[in-house]
Amino acid sequence: MPTKEEMLIFAKSIETIVQEKELNYIDAITHFCEMNTLEIESVIGLINHALKAKIEIDASRLNLVPKSNTLPI
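All of the points below concern the structure found in this document.

Parameters and conventions
- Residues numbered from 1 in each chain as written.
- Predicted model: local features only at pLDDT ≥ 70, side-chain atom pairs only at ≥ 80, totals over all residues.
- Heavy atoms only, no water.
- Patch = residues over 30% accessible without salt bridge, like charges linked within 9 Å, V, L, I, M, F, W, Y side chains within 5 Å.
- Areas by Shrake-Rupley, 256 points an atom, 1.4 Å probe, with all protein chains shown as cover.
- Salt bridge = Lys/Arg side-chain N within 4 Å of Asp/Glu carboxyl O.
- Helix = DSSP H or I, 4+ residues; strand = E, 2+ residues; numbered from the N terminus.
- Expected span 1.5 Å × (residues − 1).
- Buried < 20%, exposed > 50% of the residue type's maximum accessible area, 1.4 Å probe, protein only.
- Arc of directions from axis to C-beta.
- Contact = heavy atoms within 4.5 Å.
- Phe/Tyr/Trp six-rings, centres within 6.5 Å; stacked < 30°, edge-to-face > 60°.

### Focus: a nonpolar patch on the surface
Here is step 1: There is a patch of nonpolar side chains on the surface, built from L62, L64 and V65 and spanning about 270 Å² of accessible area.
Here is step 2: Tracing the backbone through its elements, the reader meets L62 in the segment after α3 (49-61).

Here it is as structure tokens:
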């Protein structure tokens, strides 16, 4: 099981990719895995709650999951 520090480092890496490459979170994780020769399944345990929420928002925007009732922020 990954430590909180490892999860935080992973989340920061994904945030950096999102900003620098102008990708959504799903694509940023895919990019991270490709650049580090990792299977996507191997990083699932590194996804913290905040990153998971951002992925869910992206998935909803991309119509990959049913949209839920959320307040506009």
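Past the structure itself, the notes keep going.
### Re helix α1 (residues 4-21)
Here is step 1: Spanning 18 residues, α1 covers 25 Å between terminal C-alpha atoms, matching the ideal 26 Å at 1.5 Å per step.
Here is step 2: Of the residues making up α1, those classed as buried are M7, F10, A11, I14, I17 and V18. The buried residues of α1 occupy an angular sector of 120° when projected down its axis, which confines them to one face. Along α1, exposed side chains directed more than 90 degrees from the buried face belong to E5, K12, Q19 and E20.
Here is step 3: In this structure, the buried side of α1 is in contact with α2 (25-35) and α3.

### Here we look at the packing of aromatic side chains
Here is step 1: A complete count under the given rule lists one aromatic pair for this structure.
Here is step 2: With 5.1 Å between their ring centres and 85° between their planes, F10 and F32 make a pair best called edge-to-face. Here the residue F10 occupies a position in helix α1, and F32 occupies one in helix α2, the gap between them amounting to 22 residues. The residues F10 and F32 share a single accessibility class, namely buried.

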